[in-house]
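Here are the chains, one letter per residue:
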Amino acid sequence: MGCCTSTERKRDWKPLEERSCTDIPWLIIFTLFCIGMVCICGFTIATGGASRIISGYDSYGNTCGQDNTKIEGVELSGRNMIENKYVFFLDPCNLDIINRKIKSIALCVSKCPASELKTYSDLKQFSLNNGSSLCTYDISPTRYPSHSERSTKCPKLPVPPSKSVPLFHRCIPVDIGCYAEFAQAFMTFVSDNSVLRRVVAGVMASKDIIMGLCVLALVLSLIMMVVIRYISKVLVWILTVLVVVGTIAGTGILWWLYVDHRSALNNKTTSVFGKEVGSDNVKALLVYAIGATIFTVILLLVMFFMRKRVALTISLFHVAGKVFIHLPLLALQPFWTFLCLMLFWVYWIAVLLFLGSAGTPVKNNSTGMVEYHVVGPLQYTVWYHAVGLIWISEFILAFQQMTIAGAVVTYYFTRNKSQMPATPILSAMARTFRYHLGTIAKGSFIITLVKIPRLILTYIHSQLKGKENACARCMLKACVCCLWCLEKCLAYLNQNAYIATAINSTNFCTSARDAFVILVENALRVAAINTVGDFVLFLGKVLIVSCTAFAGVLALNYQREYTVWVLPLLIVCLFAFLVAHCFLSVFENVVDVLFLCFAVDSKYNDGSPGREYYMDKALMEFVENSKKMGRHNPDDGDGREMKSMSRGGTLA
């Protein structure tokens, strides 16, 4: 199970020839861990936590809709509530926002009041007709109008303030007064904060524009995927020219708008509210213009130094475009992964809620209400459940990476493309599920080991903000940054380990070692192909965000009198980047897989009979050009590296 216990000395790479189960011990560990997660869910069901959340329970520990057992020390517990299936709150407006719960007494009733009850006589008549108490159980309905404690043990009149509906077995008023109170308090807070008021007003005024720009970002992402699929050869040059022109033009327009808005503000022809909005717009435009200028300068410098590597990226992107032609369903992988993550997260949140009402009933002496707490060793189930959130989420993401790697590896190392499986993606999924679940379980656990302490340190840093000295704050921040960098490096190595496993069916440690050796031996190619490819895809994301932001600036410019641009433009840009990242991340993964396949192919084969290349003609032309370039220009790094790689050999 250790990463340094491999007994293999020398071996040959035999892509797709042999398949065997990898990292079986880790599959067993992961399976046992998942069984533990299921046991936690079973514990919440067995202890009644699930039924209490689903059916609801009153303030005395009685679960609505069930025959309950007596709780020691709680007089009104142990009642038969089979006929009373709904939770009714005496004062639904009494909310504890900090602890996120209703402080009101809760009762189990057979029917939620559908009409307004204005007097205690109405409460009495409703209770007698429906057989359920709207006051606490120790008061008989006949005594509602005359009981001395009716103000504390009966609901506030009228009941309810408006019509109530049963929602999740709770009597929820449709339009209670406390909603208006909360809304009024929020509006008071907003009106007291002039900047926040203008920002909120700007978002509400431009909501139609925001939605339209989000749709535009989705359309641009789809167009980018079509461009990648059909005209990948010119993609790099198109993106390079458009990004250069777009960033320079965008920066110039931002500076022009800044000057224009500042001149309009100095004219002193607008109202007081218009001056405040104009001043905010001028400041926002100045910040945007300075940021865009810095970004443009850095971008142009990077592109200048990377210009000689564009030809390599074109060859790899050409092959990646062919992969998407043969495997068009690859673009849908993020949607399936997102769906699986959402289902798991819903399950995880549901079990977490069940845990909140599971355990032993405890009477709160200050309020007299019953609360449920998990005591003893079982209280650590919450931490176990939290680790499961991270590990299983990383496992699902790793499964997507392994599936994409398996499909692309099958395409690359199949000489006759007509002999590929009818459904290569489903075949890759089945192969991953059958052979390599242990490998992705181990890889995802390594990421979890790094992510958990980083999240803990981040939480500690946020809790101690303003309380610790500057030295401690810097040390915590440095630790968080180091763990973040380590997590990203391990994630990159894991991805290449999954690719190596998909190629040669080796365990995680062997695959990680081989992938690391290949990356080190091909350091120049890592910088020239893999990094440049990712950089070009990043330019594609920048182009989508820039076009969306440019359209947003033009649209919002017509509302300069009453719209603050800061928040609407940030919302649009963030959504555009997320949509672009969702589509282009798959292409980025394909480029990474193709690069490692190309490196293995170049290392193991030299084009001689019996050792023919698997690579596509576009990459083969690049190999031949690199060899010629190396002969004519001995100082060229690509030529030297291609010569060394064409000597053949095996990987230890």
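Reading the values: rules and limits
Residues numbered from 1 in each chain as written. Predicted model: local features only at pLDDT ≥ 70, side-chain atom pairs only at ≥ 80, totals over all residues. Heavy atoms only, no water. Core = buried A, V, L, I, M, F, W, Y, C linked by side-chain atoms within 4.5 Å. Buried < 20%, exposed > 50% of the residue type's maximum accessible area, 1.4 Å probe, protein only. Helix = DSSP H or I, 4+ residues; strand = E, 2+ residues; numbered from the N terminus. Contact = heavy atoms within 4.5 Å. Patch = residues over 30% accessible without salt bridge, like charges linked within 9 Å, V, L, I, M, F, W, Y side chains within 5 Å. Areas by Shrake-Rupley, 256 points an atom, 1.4 Å probe, with all protein chains shown as cover. Salt bridge = Lys/Arg side-chain N within 4 Å of Asp/Glu carboxyl O. 1 Å grid on protein atoms, 1.4 Å probe; cavity = no way out; pocket = protein on both sides within 12 Å on 5 of 7 lines; lining within 4 Å. Points joined across faces, edges and corners; volume = space filled by probe spheres on them. Nonpolar A, V, L, I, M, F, W, Y, C, P; charged D, E, K, R; others polar.

Draft legend 1. Seen up close, the nonpolar core. Formed by 74 residues in total, the largest nonpolar core has its most connected members in Leu-330, Tyr-412, Val-590 and Leu-594. Looking at this core element by element, the count peaks at 15 residues for helix 18 (residues 566-604). Contacts of Leu-330, omitting those with residues within four sequence positions, involve Val-323, Phe-324, Ile-404, Ala-407, Val-408, Ile-425, Val-586 and Val-590. Counting 29 residues, the second-largest nonpolar core is a separate cluster that includes Leu-107, Tyr-120, Ile-139 and Tyr-372.

Draft legend 2. Just a nonpolar patch on the surface, in detail. Taken together, the side chains of Leu-329, Leu-332, Phe-335, Trp-336, Leu-339 and Leu-343 define a hydrophobic patch exposed on the protein surface, amounting to about 620 Å² of accessible area. Counting through the fold element by element, Trp-336 comes out in helix 11 (residues 333-356).

Draft legend 3. Geometry of the pattern of salt bridges. Under the definition given, this model contains eight salt bridges. Measuring nitrogen to oxygen at the nearest pair gives 2.6 Å for the salt bridge that ties Glu-394 to Lys-451. With a gap of 57 residues between them, Glu-394 in helix 12 (residues 381-412) and Lys-451 in helix 14 (residues 437-463) connect regions that are remote in the sequence. With respect to class, Glu-394 is no different from Lys-451; both count as buried. Note that Asp-514 and Arg-513 form a salt bridge whose closest N and O atoms lie 3.6 Å from each other. Exposure remark for Asp-514: the relative accessible area of 1% places this residue in the buried category. A network of salt bridges, in which partner residues are shared, links Glu-394, Lys-451, Arg-454 and Glu-487.

Draft legend 4. Region of interest: the layout of surface pockets. In this structure, the second largest pocket spans a volume of roughly 1,200 Å³. Forming the boundary of the second largest pocket are 36 residues, of which Leu-397, Gln-400, Gln-401, His-581 and Ser-585 lie nearest the centre. When residues of the lining of the second largest pocket are traced back to their parent elements, those giving at least two are helix 11, helix 12, helix 14, helix 15 (470-504), helix 17 (523-556) and helix 18. Among the elements that make up the lining of the second largest pocket, the one with the highest residue count is helix 18 (10 residues). Considering only residue class, the lining of the second largest pocket consists of 17 nonpolar, 10 polar and nine charged.

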